[in-house]
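Each chain, written out:
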Amino acid sequence: MAENREICESVLVALRSIIRAIDLYSKELVRNHSVTGPQLLLLKEVAHIGNATVGNLAKRANLSSATVTGILDRLEKRGLVERIRSEDDRRKVFIKATEEGINLYRQAPSMLQERFVSEFTKLQDWEQTQILSSLQRIATMMEAKEIEASPLLVSGPITSSPEGAREFLEQE
């Protein structure tokens, strides 16, 4: 019984460590670069694609079009992206990173999930499957299985502005 309690506590410590790592990354990103994780993700996608539609960005980032639109609104207000209406089809709008946006993306640290993916892909297939199975079980145990989530390792609301993210992250 005592051994099970120790294992359970070790699992909880590991989960808390993961949550703290995500929080610290998010705080550093907002503090040092005045950008949230979702904003950096979209800025990265726009910088790599060139001209992208909201739908294309939403698909690539695994976010809803409404969420992407809100994030792009904030990026546009800061002069990091611009919307360009298609000359062929006036209904179509393309998103393009500005020079300032590209510079910010280049100066920002790599996305936390990129670091994770880099290490995860080095594992054997059976290890990857075991981790996936264990995390899915944990999500179910914590009644988080049905919560919609994107593959983005950041804390706070996904649509948060840097100011909102600062407030959220400072509540701890």
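Treat the numbers as computed from the prediction; the structure is a model and nothing was measured. Throughout this document, residue positions are counted from 1 along each chain, in the order its sequence is written. In keeping with the predicted nature of the model, local features appear solely for residues at pLDDT of at least 70, side-chain atom pairs appear and are counted solely at 80 or more, and the whole-chain, interface and lining totals rest on all residues. The side-chain values count all of the structure's non-hydrogen atoms but skip hydrogen atoms and water molecules.

Our focus in this paragraph is the overall build of the protein chain. Every helix listed is a DSSP run of H or I at least four residues long, and every strand listed is a run of E at least two residues long, numbered separately from the N terminus. A tally of regular secondary structure across the protein chain gives eight helices and two strands. From first element to last, N terminus to C terminus, the protein chain shows the α and β order α-α-α-α-β-β-α-α-α-α. Residues are treated as being in contact if the distance between any of their heavy atoms lies within 4.5 Å. Considering only contacts within the protein chain whose residues lie at least 6 apart along the sequence, 62% involve residues at least 24 apart. Surface accessibility follows the Shrake-Rupley procedure with a 1.4 Å probe radius. Residue values consider only the protein chains on display as shielding. For the protein chain, the computed accessible surface area is about 11,400 Å², with 52% contributed by carbon and sulfur atoms.

The criterion for an aromatic pair is that two Phe, Tyr or Trp rings (for Trp, the six-membered ring) have centres within 6.5 Å, with stacked assigned to planes under 30 degrees apart, edge-to-face to planes over 60 apart and tilted to the rest. Enumeration according to the criterion identifies one aromatic pair in this entry. Aromatic pair Phe116 and Phe120: ring centres 5.2 Å apart, planes at 25 degrees, arrangement stacked. Here Phe120 and Phe116 lie together in helix 6 (residues 112-120), a separation of four residues that amounts to about one turn. Given the relative accessible area of 43%, Phe116 is considered partly exposed. Buried residues are those whose accessible area, probed at 1.4 Å on protein chains only, stays under 20% of the maximum for their type, while exposed residues exceed 50% and partly exposed ones sit between those limits.

Our focus in this paragraph is the environment of Leu135. Locating Leu135 in the fold gives a position in helix 7 (residues 125-141). The exposure class of Leu135 is partly exposed, given its relative accessible area of 46%.

Per residue, pLDDT measures the predictor's confidence, with a range of 0 to 100. For the protein chain, the average pLDDT comes to 83, and 84% of its residues sit at 70 or higher. In this model, residues 165-172 is a region of pLDDT below 50 whose contacts with residues beyond four sequence positions or in other chains number 16 contacts.

Take the packing of helix 2 (residues 37-49) against helix 5 (residues 99-107) next. It is at 10 Å that the axes of helix 2 and helix 5 come closest, and there the two elements cross at 115 degrees. Here the hand of the crossing between helix 2 and helix 5 comes out left-handed. Of the residues in helix 5, those touching helix 2 at Leu40, Leu43, Lys44, Ala47 and His48 are Gly101, Ile102, Leu104 and Tyr105. Fitted lines through C-alpha atoms serve as axes, helices being fitted only where they are in contact, and the angles separating the N-to-C directions of these axes extend from 0 to 180 degrees. Whether a crossing is left-handed or right-handed is set by the direction in which the near helix is turned from the far one by less than a right angle, anticlockwise for left-handed and clockwise for right-handed.

The next subject is the nonpolar core. With 27 residues, the main nonpolar core has Leu40, Leu42, Leu57, Val68, Leu72, Leu75 and Ile95 as its most contacted residues. Breaking this core down by element, the ones donating at least two residues are helix 1 (2-33), helix 2, helix 3 (54-61), helix 4 (65-77) and strand 2 (93-97). By residue number, the principal contributor to this core is helix 2, which donates five residues. If we skip the residues at most four places from it in the chain, Leu42 touches Leu57, Ala61, Val68, Ile71, Leu72 and Leu75. The definition of a nonpolar core used throughout is a set of buried Ala, Val, Leu, Ile, Met, Phe, Trp, Tyr and Cys residues joined through side-chain atoms within 4.5 Å.

The subject of this paragraph is the packing of helix 2 against helix 3. Two quantities define a packed helix pair, namely the angle between the axes and the distance from one axis to the other. Between helix 2 and helix 3, the shortest axis-to-axis distance is 10 Å and the interhelical angle comes to 120 degrees. On the basis of the axis angle, helix 2 is oblique to helix 3. Seen along the crossing, helix 2 lies across helix 3 with a hand that is right-handed. From helix 2, Leu41, Leu42, Glu45, Val46 and Ile49 reach across to helix 3, where they touch Asn56, Leu57, Arg60 and Ala61. Here the angle decides the label: under 35 degrees means roughly parallel, over 145 means roughly antiparallel, 65 to 115 means roughly perpendicular, and every other value means oblique.

This next bit is on helix 6. If you check which residues of helix 6 are buried, you get Leu112, Gln113 and Phe120. All buried residues of helix 6 lie within an arc of 90 degrees about the axis, which places them on one face of the element. Each C-beta atom gives one direction from the helix axis, and the arc is the one those directions make.

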